[in-house]
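These are the residues of each chain, in order.
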Amino acid sequence: MTTPHDQLPVFRSRLFDGQVALITGGGTGIGFGIAQLLAELGATVIIASRNQTHLEPAIEQLRAAGGKADSLILDVRDSDGVKAAIRSVADRLGRIDVLVNNAAGNFYVPSESMSANAWRSVIEIDLSGTFFCSQAVMPIMRDHGGGRIVNISMTLHYRGWPLMAHATAAKAGIDAVTRTLALEWARHGIRVNAVAPGPVPTEGVKKAFSAPPDAVPDVFSVERAMEDYARRSIPLARMGSPRDIANMVAFLASPAGDWITGSIMVVDGGEWLQKGPH
Ligand code: COA
């Protein structure tokens, strides 16, 4: 029997020993997958979220697996709050080596009826949040001789994506900020890169594949719809997993990425290249 790709050890153990990694939105989905891998590789992992109820079970799970993990309550939209919270981590642990800007929010909504508040909400969480957290961690990394920032982007803005004007605009902004900060902060030894994931079946993606509420109940319908989509639309013929994304984050944050900055790495099984126009 072959080992599922998620369980293959790819990196040497203790790769991030002695290092501190802060992951926004790290309590669930892709962010939690990143936290799991960095903790397995020896980092002290701080997962940050607005919501303590997301964080507690995640911290328990990371610690039960032998990881060093702690939580941080943080609203990435509040620049002063972000500065204070990130400073408190550095004061307590002495350093922050890796920041993963993963916190994001989105929902499908027609542009003509999107409220100003809905637009602002996603732009502020995804784009402003990425900028504020990067800005807050910069002096800590600079004073420590450097660091690595990895932003979580997406591929939907490469062609446009109906009903997602807010999120595609925010992620395009994240790509721009990634390249600009990479140029500004390289002289401080801070590398800034992004990972653009294809479809990973977290709760939000599963919802997009759900049958309408009036359909005949079928517990396997979501899985079948996703398998079908993967066969048709993803050259590598499967949906992604949080570990697929985490592997790229770990690579970029490790010495293997030492000469990589300002890059946006697409991890999507070839999905966006294959897709035709709408
Ligand atoms: N469709 C249309 N508008 C929506 C919406 C939806 N599904 N969800 C939220 N909005 C609108 C709200 O109506 C509100 O606008 P209004 O004040 O004009 O009515 C605005 O967006 C802000 O909503 P609110 O829930 O107060 O925002 P928040 O800042 O507390 O949270 C999200 C924003 C995006 C995190 C939240 O909407 C959410 O939980 N989304 C789904 C989960 C998610 O995105 N997870 C991350 C996956 S990447």
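Refer to the preceding data block for the structure.
Within each chain, residue numbers correspond to sequence positions counted from 1 in written order. It should be noted that, the model being predicted, local features are given only for residues of pLDDT at least 70 and side-chain atom pairs only at 80 or more, the latter also being counted only at that level, while totals for whole chains, interfaces and linings use all residues. Only hydrogens and water are removed before side-chain values are computed, so all heavy atoms of the structure are retained for them.

(A) Region of the structure containing the site of the ligand. Only a single heavy atom is needed: when it lies within 4 Å of a molecule or strand, its residue is near that molecule or strand. Residues in close proximity to the ligand include Arg 50, Arg 77, Ala 104, Gly 105, Asn 106, Phe 107, Val 109, Ser 115, Asn 117, Ala 118, Ser 121 and Ile 125, which together make up its full environment. Pairs of N or O atoms within 3.5 Å make up the polar contacts considered here, provided that, within protein, one atom can donate a hydrogen while the other can accept it, and that residues adjacent in sequence are counted only when both atoms are side-chain atoms. Between Arg 77 and the ligand, the recorded distance is 2.7 Å, taken from a side-chain N or O atom to an oxygen atom. In this structure, an oxygen atom belonging to the ligand sits 2.7 Å away from a side-chain N or O atom of Asn 117. All accessible-area figures derive from a Shrake-Rupley calculation using a 1.4 Å probe, and residue coverage is judged against the displayed protein chains alone. For the ligand, whose free accessible area comes to 920 Å², the fraction covered by protein is 47%.

(B) Expanded view of the sheet that holds strand β4 (residues 98-101). Strand order in this open sheet of seven strands is β3-β2-β1-β4-β5-β6-β7, and the pairing throughout is parallel. The sheet is open, and its two edges are formed by β3 (68-73) and β7 (264-267), each paired on a single side. For this sheet, the mean angle separating the axes of adjacent strands, direction not counted, is 20°. In the sheet, strand β6 (residues 190-197) pairs with β7 via four bridges, with the strands oriented parallel. When the bridges of β7 are listed, Pro 197 appears paired with Val 267. Lying over the sheet, helix α3 (residues 79-93) contacts β1 (20-24), β2 (44-49) and β3, oriented at roughly 150° with respect to β3. Two strands pair if DSSP finds at least two bridges between them. The secondary structure listing takes helices from DSSP runs of H or I that are at least 4 residues long and strands from runs of E that are at least 2 residues long, numbered from the N terminus. All axes are obtained by fitting lines to C-alpha atoms, using only the stretch in contact for helices, and the reported angles, taken between N-to-C directions, cover 0 to 180 degrees. Two residues form a contact once any of their heavy atoms are found within 4.5 Å.

(C) Representation of the packing of helix α4 (residues 116-143) against helix α5 (residues 165-185) in the model. At a minimum axis distance of 8 Å, the contact between α4 and α5 shows a crossing angle of 15°. Comparing their axes, α5 and α4 come out roughly parallel. Seen from above, α4 lies across α5 with right-handed handedness. Across the interface between the two elements, Ala 118, Trp 119, Val 122, Ile 123, Asp 126, Leu 127, Thr 130, Phe 131, Ser 134, Gln 135 and Met 138 of α4 pack against Ala 165, His 166, Ala 167, Ala 169, Ala 170, Lys 171, Gly 173, Ile 174, Val 177, Leu 181 and Trp 185 of α5. Under the convention adopted here, Pro, Cys and the residues Ala, Val, Leu, Ile, Met, Phe, Trp and Tyr are nonpolar, Asp, Glu, Lys and Arg are charged, and Gly plus all remaining residues are polar. The class makeup of the residues in the contact of α4 with α5 is 15 nonpolar, five polar and two charged. What sets the label is the angle itself: under 35 degrees gives roughly parallel, over 145 gives roughly antiparallel, 65 to 115 gives roughly perpendicular, and the rest give oblique. Note on convention: the crossing is left-handed when the near helix lies turned anticlockwise from the far helix by less than a right angle, right-handed when the turn is clockwise.

(D) Quick peek at helix α2 (residues 52-64). Working rule for helices: expected span equals 1.5 Å times residues minus one. Across its 13 residues, α2 extends 18 Å between first and last C-alpha, which sits within 8% of the 18 Å expected from 1.5 Å per residue. The rule is simple: take the accessible area with a 1.4 Å probe, protein chains only, and divide by the maximum for that residue type; under 20% is buried, over 50% is exposed, in between is partly exposed. Turning to α2, its buried residues are Leu 55, Ala 58, Ile 59 and Leu 62. Each buried residue of α2 lies within a common arc of 105° when the element is viewed along its axis, so the set occupies one face. Opposite the packed face of α2, turned more than 90 degrees from it, sit the exposed residues Thr 53, Glu 60 and Ala 64. Along its buried surface, α2 packs onto α1 (29-40), β2 and β3. Here the arc refers to the directions that run from the helix axis out to each C-beta atom.

(E) View of the environment of Arg 87. Along the chain, Arg 87 turns up in helix α3. Taking the C-alpha atoms as reference, Arg 87 lies 23 Å from Ala 58; in sequence the two are 29 residues apart.

(F) Just the layout of surface pockets, in detail. Of the voids in this model, the largest pocket is the one considered here, and its volume is about 1700 Å³. Any residue with an atom within 4 Å of a point lines the site, the site being either a cavity, points on a 1 Å grid over the protein atoms alone where a 1.4 Å probe fits but cannot get out, or a pocket, an open set with protein on both sides within 12 Å along at least 5 of 7 lines. Taken together, 49 residues form the lining of the largest pocket, with Ala 104, Asn 106, Thr 202, Gly 204 and Val 205 sitting closest to its centre. Among the secondary structure elements, those contributing two or more residues to the lining of the largest pocket are α1, β2 and α6 (203-208). For the lining of the largest pocket, the element with the highest residue contribution is α6, accounting for six residues. Along the wall of the second largest pocket there are 13 residues; nearest its centre are Arg 238, Gly 240, Asp 244, Asp 268 and Gly 269. Broken down by class, the residue content of the lining of the second largest pocket amounts to seven nonpolar, three polar and three charged. Grid points are joined across faces, edges and corners, and a volume is the space filled by probe spheres set on the points.

(G) Region of interest: the packing of α1 against helix α8 (residues 242-253). In contact at an axis separation of 8 Å, α1 and α8 are set at 55° when each is read in the N-to-C sense. Here α1 lies oblique to α8, going by the angle between them. You can see that α1 and α8 cross each other, and the crossing is right-handed. Taken together, the residues of α8 that come into contact with α1 (itself represented by Gly 29, Ile 30, Gly 33, Ile 34, Gln 36, Leu 37, Leu 38 and Glu 40) are Pro 242, Arg 243, Ile 245, Ala 246, Asn 247, Val 249 and Ala 250. When its residues are assigned to classes, the contact of α1 with α8 shows nine nonpolar, four polar and two charged.

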